[in-house]
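Reading the structure
Letter by letter, the chains look like this.
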Amino acid sequence: MFEGVFVPNVTPFKGGEVDEASLRRLVDYLIDNGATGLVPCGTTGESATLSHEEHIEVIRIVVDQAKGRVPVIAGVGTNDTRETIKLMEKAEEIDCQGYLVVGPYYNRPSQEGIIEHYRAVSDVTERPIIIYNIPARTGRNIEVKTIAELSQIPNIVGVKDASGDINQTMNLIARTSNFSVLSGEDHLMFCLCCLGGHGGIMASAHVLPDSFLGIYKNVKEGNIEESRNLHYRLLPLVRVMFKEPNPAPAKAAMKLLGIIDSDELRLPLMSVSAACREDIAGVLHGLKLL
């Protein structure tokens, strides 16, 4: 099982290419500031616009820089089972600790198709796999009964739940055991932890990962009021991190903090507007980070 706060780290670019130096600084910053683990090449890592070669190289850099200090869960999901398997086979040559596999997007498979997709992918590796359910992006919800069935596959060990449906989340926690339910909706992590979840995989945790981890740890230790206070302290940050399309605000925050050299994105995504950048800076000032 995975528990705690995992950061789906951004992929820094400079002049259109992956900026390795900034990526290595980012890895150190996140680990030094309390991230439980890192998740390169997820949505926040702009996996959709990385070539296969870049995708594998980003995973390799993150694993190399992490040096075993925290687990690295590599994003390898696509909407094509064969392509997902190809990516995973390449990632198998790198010493990562598991995989995040998003539900197949755009082609809207049936629940049976989703199950067969994950069965095929799980056969490729003995490493743990975390399902990523984000219906707002994929166009298809992975239903509770589907996840419960997939949880019986030995190396499918958890889900990043970005369904946004707290009722679904409750049913999922109730129907699974020895299975990590991690929040993919940053504003709902406190609620999910109170319901018995195990933390989150959250873009907002680029900033103050140790404080986000405190939300989970305090719930686990029964300090609900302290956890709730942290939740409300961090809520303005969470809101500004999604004021414009992810991961533009996260990159802007990392640049403002001097962690990465550039906050450029690859089209069709664009850097944040001047107004959003001002709002991010205001939140960082409020947290006494600037």
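Preceding block: the structure.
I will try to describe carefully the structure that is included in this document. (Residues numbered from 1 in each chain as written. Predicted model: local features only at pLDDT ≥ 70, side-chain atom pairs only at ≥ 80, totals over all residues. Heavy atoms only, no water.)

**A look at the nonpolar core**
Here is the rule: Nine residue types can take part in a nonpolar core, namely buried Ala, Val, Leu, Ile, Met, Phe, Trp, Tyr and Cys, and a core is a set of them joined through side-chain atoms within 4.5 Å. Accessible area is worked out with a 1.4 Å probe on protein chains only. A residue is then buried under 20% of its type maximum, exposed over 50%, and partly exposed in between. Segments assigned H or I by DSSP are reported as helices when at least four residues long, segments assigned E as strands when at least two residues long, and all are numbered from the N terminus. Contacts are assigned to residue pairs with any non-hydrogen atoms lying within 4.5 Å of each other.
Counting 83 residues, the largest nonpolar core has Leu38, Val76, Tyr99, Phe212, Leu237 and Ile280 as the members making the most contacts within it. If you tally residues by element for this core, the top one is helix H2 (residues 52-66), at 7 residues. Residues contacting valine 76, with those up to four places away along its chain left out, are His55, Ile59, Thr84, Leu87, Met88, Ala91, Tyr99, Leu100 and Val101. In this structure, Ile73, Ile130, Val157 and Ala162 belong to the second largest nonpolar core, which totals 13 residues.

**Things to note about the state of the cysteines**
Chemically, a disulfide is nothing more than a covalent bond linking the sulfur atoms of two cysteines. The test is simple: Put simply, a disulfide is two cysteine sulfurs that come within 2.5 Å.
In the structure shown here, the tally under the stated rule is 0 disulfides. Here cysteine 191 is not disulfide-linked; the sulfur of cysteine 194 is the nearest cysteine sulfur, at 6.7 Å.

**Structural notes on the packing of helix H9 (residues 209-220) against helix H10 (residues 224-241)**
Selection criterion: To get an axis, a line is fitted to the C-alpha atoms, and for a helix only the part in contact is used. The angle between two axes follows their N-to-C directions and goes from 0 to 180 degrees. Should an angle fall under 35 degrees it is taken as roughly parallel, and over 145 as roughly antiparallel, whereas 65 to 115 is taken as roughly perpendicular and any remaining angle as oblique. If you view the pair so one helix is near and one far, a crossing is left-handed when the near helix is turned anticlockwise from the far one by less than a right angle, and right-handed when it is turned clockwise. Note on residue categories: nonpolar means Ala, Val, Leu, Ile, Met, Phe, Trp, Tyr, Cys or Pro, charged means Asp, Glu, Lys or Arg, and polar means any other residue, Gly included.
For the pair H9 and H10, the least separation of the axes is 8 Å and the interaxial angle reads 155°. Between H9 and H10, the interaxial angle falls into the category roughly antiparallel. For the crossing formed where H9 meets H10, the hand is left-handed. Where H9 approaches H10, its residues Ser211, Phe212, Gly214, Ile215, Asn218 and Val219 are matched on the opposing element by Ile224, Glu226, Ser227, Leu230, His231, Arg233, Leu234, Leu237 and Val238. In terms of residue class, the contact of H9 with H10 is made up of 8 nonpolar, 5 polar and 2 charged.

**Description of helix H7 (residues 166-175)**
To keep things clear, this is the line we draw: Throughout, the arc means the angular range of directions from the helix axis out to the C-beta atoms. Throughout this description, a polar contact denotes any pair of N or O atoms lying within 3.5 Å of each other; where both atoms belong to protein, one of them has to be capable of donating a hydrogen while the other can accept it, and for residues adjacent in sequence the pair is counted only when both atoms sit in side chains.
Taken as a whole, H7 has its buried residues at Gln168, Thr169, Leu172 and Ile173. Down the axis of H7, the buried set is contained in an arc of 135°. They therefore lie on one face. Away from its buried face, by an angle of more than 90 degrees, H7 presents the exposed residues Ala174 and Arg175. The inward-facing, buried residues of H7 contact strand E7 (129-133), helix H6 (144-150), strand E8 (156-161), strand E9 (180-183) and helix H8 (189-194). At the N-terminal end of H7, a side-chain oxygen is found 3.0 Å from the backbone nitrogen of asparagine 167, two or three residues along, and the residue is aspartate 165.

**A look at the pattern of salt bridges**
Our working definition: Within this document, salt bridges are pairs made up of a side-chain nitrogen of Lys or Arg and a carboxyl oxygen of Asp or Glu, the two lying within 4 Å of each other.
Here the structure, examined in full by the defined rule, presents 17 salt bridges. Between lysine 220 and glutamate 3 there is a salt bridge, with its nearest N and O atoms 3.1 Å apart. On the criterion of sequence distance, the pair formed by lysine 220 in helix H9 and glutamate 3 in the segment before strand E1 (4-7) is long-range, its members being 217 residues apart. Residue classification places lysine 220 among the exposed residues on the basis of a relative accessible area of 56%. Assessed through its relative accessible area of 35%, glutamate 3 is described here as partly exposed. Across the pair arginine 277 and aspartate 263 runs a salt bridge whose closest N-O atoms are separated by 2.7 Å. Within this pair, whereas arginine 277 is found in helix H12 (residues 274-286), its partner aspartate 263 is found in the loop between helix H11 (248-256) and H12, the two being separated by 14 residues in sequence. The class for arginine 277 is partly exposed, based on a relative accessible area of 27%. Each of Lys14, Asp19, Arg25 and Asp261 takes part in one network of salt bridges that share partners.

**Section: a nonpolar patch on the surface**
Short version of the rule: Patch building starts from residues that exceed 30% relative accessible area and form no salt bridge, then joins like charges within 9 Å and nonpolar side chains (Val, Leu, Ile, Met, Phe, Trp, Tyr) within 5 Å. Areas reported as accessible are Shrake-Rupley estimates using a 1.4 Å probe. Residue values count occlusion only from the protein chains shown.
Taken together, the side chains of Ile166, Met170 and Leu195 make up a nonpolar region of the molecular surface, amounting to roughly 210 Å² of accessible area. Its location among the elements puts methionine 170 in helix H7.

**Details of the environment of glutamine 111**
Structurally, glutamine 111 can be placed in helix H4 (residues 111-122). Sequence separation between glutamine 111 and asparagine 141 is 30 residues, and the spatial gap between their C-alpha atoms is 8.6 Å. Every residue in contact with glutamine 111, bar those within four places of it in the chain, is listed here: Arg140, Asn141, Ile142, Glu143 and Thr146.

**Structural notes on the environment of aspartate 19**
Within the secondary structure, aspartate 19 is located in the loop between strand E3 (17-18) and helix H1 (20-32). Apart from residues lying up to four places away in sequence, aspartate 19 is in contact with Pro12, Phe13, Lys14 and Asp261.

**Quick word on unusual backbone geometry**
Cis peptide bonds are those with omega within 30 degrees of zero, and the linkage from asparagine 246 to proline 247 qualifies with 10°. With respect to the helices, strands and loops of the structure, proline 247 is situated in the loop between H10 and H11. In this structure, proline 268 follows leucine 267 across a cis peptide bond, with omega equal to 15°. As for its position among the elements, proline 268 is in the loop between H11 and H12. Positive phi is not limited to glycine here, since arginine 108 has a value of about 50°.

On their own, these measurements won't tell you what the molecule is for.
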